[in-house]
Structure formats: C-alpha cells, structure tokens
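Close look at the chain arrangement
Given next are the chains, with one letter for each unit.
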Amino acid sequence: MIHFTPLRKRPALSALMLLILGSGFCQAQEMLTDSARKEATEWLKEVKSGYLNTSSARIQKAVTALTAATSTENAAMKLYVDAMKDRFLNPTSMMSRMLNRGGGGGFRMMRMPGSGGRGGSNGSSKPDSPSTAFSNWRKQNTGNNVAPGFKKALQIQCKWMLLCLKKADAEKNERELNVSSSVLSMLDEVAANAKDVGEQLPMVGGASEVIRSYLNISDYRSETLPDNLMDLNTIFDRVLLAPYKEKKDVENFRKLWNKRIGLEATLLQNNSASDKKTAEVEKASFLVKRQWEREKACFELGDQVAALEKMKSLISGIKDPAEKQRAIRDLEFLLLTPAEQAKLREERTNRRMPGGPRF
C-alpha cells in the first residue's frame, strides 16, 4: 500500500503543491462580452487622452531645450554636458530610466570614467564620488579634448532629434506632419559640412541617447524617422522616395536617388582613412553598386527600357565577383515575367520551409 505524507507536516511541499495546483482552484477562463469590450475600449480612450495631455508639457519642455541646443555648437554641447551631469549625479533617476526601458537587454549600462575598476582614479580602494567621476569625465571630454567636428555633428544631431520628436508627437496625436522638406534641408546641411562632421556624425548617437534620457523623451520615437541621422537607407526608402514610388513618378524618383548617391559619395570621400589611390578605388566601387541599386529600383517602378540599358552598362564595371554574381541574379529575376517571378518566389519559400519540398 502506498502511504502519503500529510501536507500539513511538510510546509515546503505544501506550498509547492498549492503553487502547482493553484490554477485548478481559479475560476474558469471567461471571455469578454461585447458590452464589456466596448466599455473597456472607452475607458482606454480616456486613459490615452489623459496620457497625451500629461505628456504635452513634457514634450514642450524638451522642444524648448532642443531648440536652444540647435542654435549654436556650444549650446548643443552644453545640453550634452548637462545630460551627462544628470547621469552621474542622479543615480536614482538613472536607475528609474533604466527600469522604464524594460530591464532586459534594452539598456547598456554606461561605464563611468573614474568610478570603476580597482580603486577608482586616485589609486585608493574607495570608488570616486559621483561628483568626482563627473568632473573627471568633463575634463576628458570637453574643451580641447573634444574631437574636431564633434560639436557641429552634435548640433546637427540635436536638430534631427527635434524633428523626430515633433514627428513622434504628431504620430501619437494622429496628426499629419510632412517632414520631407525638413529632412532634405538637413541632408543638405550634412553635405555642406561633410568635411568637418563626416567622421563624427556616426559617433554622436550615444550622446543623443543620453540627451533623450535627460529630457525624459525616450518613449517618444517616431515610427517613420529613424533616431540616427546616418540611417540613410531608412530615411530615403521610408520618407523621401516613398511618395514618388507610390505615384510612379520615375523622374523625381531618379533625382532623389542621385541626391542620395551624391551625399553618400561626399561622406565616403571625407571619411576615408585609406590613401588617395585606395580611396578612389573604394569610391568607384561604391558608386557602381549604388547606381545598380538605383536602376534596379527604377526598373521595378516601371522605367524598364532606360533602366535595362544602364544596367547592361553597369554590370561590366562591377569588379567584385560576389557583387557581380548578385547583379546577374538580380537581372535574371527582373527579366522574368510576373508569373515566372511568382513561381520562383514560391519555390524559394518552399526550399526554406522545414519539411517543405526539396528541389
């Protein structure tokens, strides 16, 4: 005969059994009725309205701060230093912002110069105080220690942050806001300052994240504009080229593609660490690759005759074997009929599916 030990004599086991069997003591699952769903929807609308009203003051404060930061390079740098000071001297608010980001893998803890390692910066066993750590950071990252072009790049990034914030606010409040002209204007500014800011624009992303946290606007992200001004793929594909693609306006579609290629070539030329000869080879290879992408996009948009002639000319200039093979496959696919393309897509999908047909 099997004997069971009474649960009252084993509290740990009792708690475990209750935890495992707990769901059995709950009421059966219950679906919302139509009226309950409608009532909850109306309640959520009120919550959303309250959130947006509460956020408006916070957003306006951030707009004011960013507008001031865009006025001069020094003003942009001041906002960044203020944000870093807040990060060093207010660990409680920093922890709160970390938790609000969702914990997990969404936040990387910044290493505070002078506050970590063995004994801090003074060689003792006691870490530096927050104020000393900030003072050390400021000495290392301001004044003559600032990389050439960093402050200008930061000023431009602050302008981009301001535009992204306004776009995000419009999206949350379901308002239309056309930012194309503003985006083009900013890209023109990048091109005009490429020699000074080319190397630094990719570096100011971390600074902009610190500023976002400081201004408490990390939750305001545009669904259209990327946070990083150097994410040119997204900016052109999602914002600038999309309207002309929708209208099948090939002429303006091409013009914008040419503008993109010109901007990227300028940035590449001013951000190359190679010698002059190598840089020219890199630039030529880049231009052929981008021109191929342009013609492929124009072919798909309907400008097939002109695009095909340009692609036939470009394909012979592709030196890299992998790039040439990719271009040949692109053109092979483009020259198929719509029915043949659909069949090939289906075959490729089946190959990738586990247990699917093998060809």
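The following refers to the structure shown. In this text the structure is predicted, and so the values were computed from the model without any measurement.

Rules behind the numbers
Residues numbered from 1 in each chain as written. Predicted model: local features only at pLDDT ≥ 70, side-chain atom pairs only at ≥ 80, totals over all residues. Heavy atoms only, no water. Helix = DSSP H or I, 4+ residues; strand = E, 2+ residues; numbered from the N terminus. Buried < 20%, exposed > 50% of the residue type's maximum accessible area, 1.4 Å probe, protein only. Contact = heavy atoms within 4.5 Å. Areas by Shrake-Rupley, 256 points an atom, 1.4 Å probe, with all protein chains shown as cover. Core = buried A, V, L, I, M, F, W, Y, C linked by side-chain atoms within 4.5 Å. Phe/Tyr/Trp six-rings, centres within 6.5 Å; stacked < 30°, edge-to-face > 60°. Lys NZ or Arg CZ within 6 Å of the ring centre and 35° of its normal. Patch = residues over 30% accessible without salt bridge, like charges linked within 9 Å, V, L, I, M, F, W, Y side chains within 5 Å. Salt bridge = Lys/Arg side-chain N within 4 Å of Asp/Glu carboxyl O. Lys, Arg positive; Asp, Glu negative; His and termini not counted. Charge placed at Lys NZ, Arg CZ, Asp CG, Glu CD. Expected span 1.5 Å × (residues − 1). 1 Å grid on protein atoms, 1.4 Å probe; cavity = no way out; pocket = protein on both sides within 12 Å on 5 of 7 lines; lining within 4 Å. Points joined across faces, edges and corners; volume = space filled by probe spheres on them. Axes fitted to C-alpha atoms, helices over the stretch in contact; angles between N-to-C directions. Parallel < 35°, antiparallel > 145°, perpendicular 65-115°, else oblique. Left-handed = near helix turned anticlockwise from the far one by under 90°. Nonpolar A, V, L, I, M, F, W, Y, C, P; charged D, E, K, R; others polar.

**Thoughts on the overall build of the chain**
Within the chain, the regular secondary structure consists of 16 helices and zero strands. Across the 359 residues of the chain, 33% fall into the buried class. Across the chain, the fraction of contacts at a sequence separation of at least 24, relative to all contacts at a separation of at least 6, is 66%. Of the roughly 23000 Å² of accessible surface on the chain, a fraction of 54% belongs to carbon and sulfur atoms.

**Observations regarding the nonpolar core**
Formed by 73 residues in total, the largest nonpolar core has its most connected members in Leu66, Tyr80, Leu154, Trp160, Val183, Leu187 and Ile211. No other element matches helix H6 (residues 150–172), which puts 12 residues into this core. Not counting residues up to four positions away in its chain, the partners in contact with tyrosine 80 are Trp137, Phe150, Leu154, Ala207 and Ile211.

**Details of the packing of aromatic side chains**
Counting across every chain of the model gives five aromatic pairs. With centroids separated by 5.6 Å and ring planes inclined at 85°, the aromatic side chains of tyrosine 80 and tryptophan 137 adopt a geometry described as edge-to-face. One end of the pair, tyrosine 80, is in helix H3 (residues 73–89); the other, tryptophan 137, is in helix H5 (residues 130–141), and 57 residues separate them in sequence. Grouping residues by exposure puts tyrosine 80 and tryptophan 137 together as buried. Geometrically, the ring pair formed by phenylalanine 88 and tryptophan 137 is tilted, given 6.4 Å between the ring centres and 45° between the ring planes. Of this pair, phenylalanine 88 sits in helix H3 while tryptophan 137 sits in helix H5, and the two are 49 residues apart along the sequence. Aromatic rings pair up to connect Tyr80, Phe88, Phe134, Trp137 and Phe150 into one cluster. Lying across the ring of tyrosine 220, lysine 172 places its NZ or CZ 5.0 Å from the centre.

**Description of a positive patch on the surface**
A cluster of basic residues, Arg329, Arg345, Arg348, Arg351 and Arg352, forms a positive patch on the protein surface. For arginine 329, the position within the fold is in helix H15 (residues 321–334). Given a relative accessible area of 52%, arginine 329 falls into the exposed group.

**Observations concerning H3**
With 17 residues, H3 should cover 24 Å at 1.5 Å per step; its first-to-last C-alpha distance of 24 Å lies within 8% of that length. Within the sequence span of H3, burial applies to Ala76, Met77, Leu79, Tyr80, Val81, Ala83, Met84, Asp86, Arg87 and Phe88.

**Some remarks on the pattern of salt bridges**
On inspection of all chains with the given rule, the structure shows 21 salt bridges. With a closest N to O distance of 2.6 Å, lysine 259 and aspartate 188 form a salt bridge. Placement of lysine 259 in helix H12 (residues 250–270) and of aspartate 188 in helix H7 (residues 180–192) is noted, with a sequence separation of 71 residues between them. Here glutamate 295 and arginine 294 are joined by a salt bridge, their closest N and O atoms 2.8 Å apart. For glutamate 295, a relative accessible area of 0% puts it in the buried group. Bridged by salt links that share partners, the residues Asp237, Arg260, Glu264, Arg290 and Glu293 form one connected network.

**Considerations on the side chain of glutamate 189**
Structurally, glutamate 189 can be placed in helix H7. Classification of glutamate 189 by relative accessible area gives buried; the value is 18%.

**What to know about the layout of surface pockets**
Space inside the largest pocket adds up to approximately 370 Å³. Residue lining of the largest pocket: 19 residues in total, with Ser285, Val288, Lys289, Ile318 and Glu323 positioned closest to the centre. Those elements giving two or more residues to the lining of the largest pocket turn out to be helix H13 (276–301) and H15. Broken down by element, the residue count for the lining of the largest pocket peaks at 11 residues, all from H13.

**Thoughts on the packing of H13 against helix H14 (residues 304–315)**
Running from N to C, H13 and H14 cross one another at 155°; their axes reach a closest spacing of 8 Å. In terms of orientation, H13 and H14 fall into the roughly antiparallel class. The handedness of the crossing between H13 and H14 is left-handed. Taking contact as the criterion, the partners of Val288, Gln291, Trp292, Arg294, Glu295, Lys296, Cys298 and Phe299 in H13 are, on H14, Gln304, Ala306, Ala307, Leu308, Lys310, Met311, Leu314 and Ile315. Partitioned by chemical class, the residues of the contact of H13 with H14 number 10 nonpolar, two polar and four charged.

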